[in-house]
Amino acid sequence: MELKKTIALMGNPNVGKSTVFNALTGMKQHTGNWAGKTVETATGYFKSNSTTYEMTDLPGTYSLFTHSAEESVARDFLCFENSDKTVVVCSASCLERSLILALQCMEIKNDIIICVNLLDEAERMGYKIDLEKLSEILNVRVVGTVARNKKSLSNLIKNLNYKDTKSDFKIEYPKIIENAIKIIETTLENFDFNINKRFLSLRILEQNRSFLEKVKLQNGKSVMEISEIKASLSEALDYLKKEGLYENRISDFIASAVVKMAEITASEVISKTKSQYSKRTETADKILTHKFSGFGIMLLGLCLVFWITIYGANYLSNGLSFLFSYIEKFLESFFDFIKLPNLIKDIIIDGAFKVTSWVVSVMLPPMAIFFPLFTFLEDIGYLPRIAYNLDEPFNRCKSCGKQALTMCMGFGCNAAGVTGCRIIDSKRDRILAIITNSLVPCNGRFPAIIAIISMFLVTLGGFFGSLLEAFILTLVIMLSVAFTLISTKILSATLFKGTPSAFTLEMPPYRKPQILKILVRSLLDRTAFVLGRAVTVAVPAGIIIWLFANVKIGDLSLLAHISAFLDPVASLLGLDGVILLAFILGLPANEIVIPIIIMGYLSASSLTDLPSLNIMKDIFIQNGWTIKTAINFIIFCLFHWPCSTTLMTIKKETGSLKLAVFSALLPTLIGVLLCFFINLIF
Amino acid sequence: MKALNDLKVGEKAVVSEILTDGAMRRRFIDIGLIKGCLVKCVGISPFKNPKAYLIRGAVIAIRNGDCADIMVSGEVV
């Protein structure tokens, strides 16, 4: 018979849990070198020795008792889901700290396997770890791995296969705590809470309410609702008070004992060959977070990333549009051959196919280049340094430092950025970060901005032209960051008053990027995902816009009617009705805004040529575009309602429709005001 | 007595008392920052806030305001 086992994967942030998870399950959890990347649990399966394992990758956490949403997910899973085994991934390069969590887990579960990962990194830093001794001291299974190297994981699988040898490990607390535990544990004997009694006694002693509320008897009564337990708690508290330990320091006392135990254990198993923190990381940090070179490199780096994106995308775009024009000709003759009615042929080719090919040829190339570059920065560990450099401005705006991180994620995808806000502990700070996230342009908007910049703002071609484009794009990004800061500041002074919660930001050692993996992952997963979404929206949108353009009411097409209706408002903003309509129809995915504009214009002028930037520019100019229109378009593209996916994510994350609506209104208001004034002044 | 944020880059010290309370105190303890812990200041960000500290093998950035209530003592060479 086939066996099935469930495994929970725990660990500090950024110790390679997701890498272990991916290597074992073959799943494609996104990995990156910064703390807080996995905010949701992921579940995957793998087989070994006729046993099917169901593995759950839990969000990284420093402790089982802190307060952020993503950390309680991990604790609750460990306490209330009956997994067969728990793997605690520890970082070899920072074992002492990792052991704190491992010890906490061992207090709940007796089926722990400690997986000491990143052995290679520790070796480079000059640490040697005696795994056997660690196993001996803690009386627990210990395996050493280098998760990036799949082979080293076979040992972990072997250990998963072993029959459970329940360890009876205990953390020894100071005598008075042990006595207090005994008082409560004796009472707990009479109840069946289905959770380790010693562990529960400790939490009762600490009066960890948020946790205790979740621990329930079968009749639904929670721990602190039972009078016997309450009585034994006050007995224990009285005892501790007599011994000189006051209520508000108990939790400290217990936690410190765990930390000390980790310290002692680590000191016994680690031997240092060189006694220093990674030299390479230290030197790199000196340069990358220096007050001059830090910012210089950040801006130049941003500029460089954009330049590579723009320069490379140009070639790819041309190639793709060439290809699509052939496919279009082929489709046309094919439809003629099967004698498809003209109307349907037009809907398919001029509607669905054309918009889709626009989306692919204009939007795909920048994404295909930008995503890997972004992933590269993520992989080496540069993102936390950006947050570190930018923290003070965020501090001044009274927001949490982690907002710099979630903002960076927004550049990839605003919906992902909003979900990422779970790493922020306090509710106020999290809402601020969520609301302002869509003020930075996501990948769906970059290509449109790039296209407009290269059509209207930089007439210079070639190498210098693309360099100039990258520079302008960098300015555009700085504008969006500036507005993120300004809005945060205004919001925290008005609607969301309060002080930012304190934060600790871990800066992991720089890690060698896995180039091949970056390429495969970012192209296959991210790019394909975003493109897939854009195309599924583009096909129906293409058909709808074609119908809009061709269904006539009176003398004019439906499109002309609608855009004429929108024209007065749009012209106040320096745009036109078609552009505004495109932004409205682009609600499901911003990628289709430009294609819709083109379709809107084409329907009037019946141009059927293949898409290229030059022809696009001609179409735009024929329809009254000037440099001012271009600038206003870019501004409005930066600041308008987020896409529907992002809005739904905001609703889901905040649980409030009001906040979702507000998140749409805020950027729109900024965009409308900016465009209005630009239109007024120039 | 000095606070943690008074450390200059390169200086080491031992935590003598954590005066912070509530969730933040717990957060410090969870990353291993307790009385008796050796801390080294390893960096300062461009705006002089936050600073980066080496705590139990990990580099962690903490805002100056947040660690003003962590008392440290004795420069350890």
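Cut-offs applied
- Residues numbered from 1 in each chain as written.
- Chains lettered and ligands numbered in written order.
- Predicted model: local features only at pLDDT ≥ 70, side-chain atom pairs only at ≥ 80, totals over all residues.
- Heavy atoms only, no water.
- Phe/Tyr/Trp six-rings, centres within 6.5 Å; stacked < 30°, edge-to-face > 60°.
- Buried < 20%, exposed > 50% of the residue type's maximum accessible area, 1.4 Å probe, protein only.
- Contact = heavy atoms within 4.5 Å.
- Buried area = accessible area lost by both parts, 1.4 Å probe.
- Salt bridge = Lys/Arg side-chain N within 4 Å of Asp/Glu carboxyl O.
- Polar contact = N/O pair within 3.5 Å; in protein donor to acceptor, adjacent residues only side chain to side chain.
- Helix = DSSP H or I, 4+ residues; strand = E, 2+ residues; numbered from the N terminus.
- Nonpolar A, V, L, I, M, F, W, Y, C, P; charged D, E, K, R; others polar.
- Pairing = 2+ DSSP bridges.
- pLDDT = per-residue confidence, 0-100.
- Domains from an automatic or database assignment.
- Core = buried A, V, L, I, M, F, W, Y, C linked by side-chain atoms within 4.5 Å.
- Axes fitted to C-alpha atoms, helices over the stretch in contact; angles between N-to-C directions.
- Left-handed = near helix turned anticlockwise from the far one by under 90°.
- Parallel < 35°, antiparallel > 145°, perpendicular 65-115°, else oblique.
- Disulfide = S-S within 2.5 Å.

Participant: Hey, could you go over the packing of aromatic side chains for me, with residue numbers and the actual values?
Facilitator: Here a ring pair, both rings aromatic, is described through the centre-centre distance and the interplanar angle of the planes. Residues and elements named next belong to chain A. If you walk through the whole model with that rule in mind, you get 29 aromatic pairs over all chains. Residues Phe463 and Phe464 carry aromatic rings whose centres are separated by 5.3 Å and whose planes lie at 85° to one another, so their mutual orientation is edge-to-face. Classification of Phe463 as partly exposed rests on a relative accessible area of 40%. For Phe464, a relative accessible area of 58% puts it in the exposed group.

Participant: Break down the interface of chain B and chain A for me, with residues and values.
Facilitator: Taken together, the contacts link 32 residues of chain B with 45 residues of chain A. In total, about 3400 Å² of surface goes out of reach between chain B and chain A, with carbon and sulfur atoms giving 55% of it. For the pair chain B and chain A, the number of links is 6 salt bridges. The partner of Arg56(B) in a salt bridge is Glu263(A), and the shortest N-O contact between them spans 2.9 Å. Applying the counting criterion to the chain B and chain A interface returns 15 residue pairs in polar contact (both at pLDDT 80 or more). Broken down by element, the residue count for the side of chain B that touches chain A peaks at 8 residues, all from helix α1 (residues 22-30) of chain B. In terms of residue class, the side of chain B that touches chain A is built from 17 nonpolar, 5 polar and 10 charged. Across 3 bridges, the pairing between strand β9 (residues 504-506) of chain A and strand β5 (residues 58-62) of chain B is antiparallel.

Participant: Hey, could you go over the confidence of the model for chain B for me, with residue numbers and the actual values?
Facilitator: Mean pLDDT for chain B: 88, with 96% of residues reaching 70 or above. Complex prediction metrics read pTM 0.83 and ipTM 0.93.

Participant: Break down the domain arrangement of chain A for me, citing the residues and quoting the values.
Facilitator: Residue and element names in this part refer to chain A. Domain annotation of chain A identifies domain 1 (3-161), domain 2 (175-272) and domain 3 (293-502 + 514-681). With centres defined by C-alpha atoms, the gap from domain 1 to domain 2 works out at 25 Å. If you look at the interface, domain 1 gives 23 residues, while domain 2 gives 22 residues. In total, about 2100 Å² of surface goes out of reach between domain 1 and domain 2, with carbon and sulfur atoms giving 67% of it. Here domain 1 and domain 2 share 1 salt bridge between them.

Participant: Break down the pattern of salt bridges for me, citing the residues and quoting the values.
Facilitator: The final tally for this structure, using the stated rule, is 22 salt bridges over all chains. Across the salt bridge formed by Asp391(A) and Arg63(B), the nearest N and O atoms sit 2.8 Å from each other. Of this pair, Asp391(A) sits in helix α16 (residues 391-396) while Arg63(B) sits in the loop between β5 and β6 (70-73), each in a different chain. Judged by relative accessible area, Asp391(A) falls into the buried class, the value being 0%. A salt bridge links Glu11(B) to Lys2(B); the shortest N-O distance between them is 3.6 Å. On the accessibility criterion, Glu11(B) (18% relative accessible area) is buried. With a relative accessible area of 34%, Lys2(B) lands in the partly exposed category. Bridged by salt links that share partners, the residues Arg203(A), Glu206(A), Arg26(B) and Asp30(B) form one connected network.

Participant: Outline the nonpolar core, listing residues and values.
Facilitator: All names here are of chain A. Core analysis: the biggest nonpolar cluster contains 124 residues, and Ile452, Leu473, Ile594, Ile597, Phe620, Trp625 and Phe633 have the highest contact counts within it. By residue number, the principal contributor to this core is helix α14 (residues 342-380), which donates 11 residues. Once residues within four sequence positions are removed from consideration, Ile594 is found in contact with Met363, Ala448, Ala451, Ile452, Met616 and Phe633. Leu64, Leu99, Leu134 and Leu217 belong to the second largest nonpolar core, which has 73 residues in total.

Participant: Give me the lowdown on the packing of helix α28 (residues 644-654) of chain A against helix α29 (residues 657-681) of chain A, citing residues and values where you can.
Facilitator: The axes of two packed helices give the description: the angle between them and the distance between them. Residue and element names in this part refer to chain A. Where α28 contacts α29, the axes come no closer than 8 Å and their chain directions differ by 145°. Considering how the two elements wind past one another, α28 and α29 form a crossing that is right-handed. Residues Leu647, Ile650, Lys651 and Thr654 of α28 pack against Leu657, Leu659, Ala660, Ser663 and Ala664 of α29. Partitioning the contact of α28 with α29 into residue classes produces 6 nonpolar, 2 polar and 1 charged.

Participant: Tell me about the packing of helix α13 (residues 293-337) of chain A against helix α21 (residues 462-493) of chain A, residues and numbers included.
Facilitator: All names here are of chain A. Where α13 contacts α21, the two axes come as close as 8 Å, and the packing angle between them is 125°. Considered as vectors, α13 and α21 are oriented oblique to each other. The two elements α13 and α21 cross, and the hand of that crossing is right-handed. Across from Leu299, Leu302, Cys303, Phe306, Trp307, Ile310 and Tyr311 in α13, the residues of α21 making contact are Gly462, Phe463, Ser466, Leu467, Glu469, Ala470, Phe471, Leu473, Thr474, Ile477 and Met478. Tallied by class, residues from the contact of α13 with α21 come to 14 nonpolar, 3 polar and 1 charged.

Participant: Explain the state of the cysteines residue by residue, including any values.
Facilitator: Residues and elements named next belong to chain B. Using the criterion set out here, one finds 0 disulfides over all chains in the structure. No disulfide involves Cys41; its nearest neighbouring cysteine sulfur is the one of Cys67, lying 8.8 Å away. When its relative accessible area of 0% is taken as the criterion, Cys41 is described as buried.

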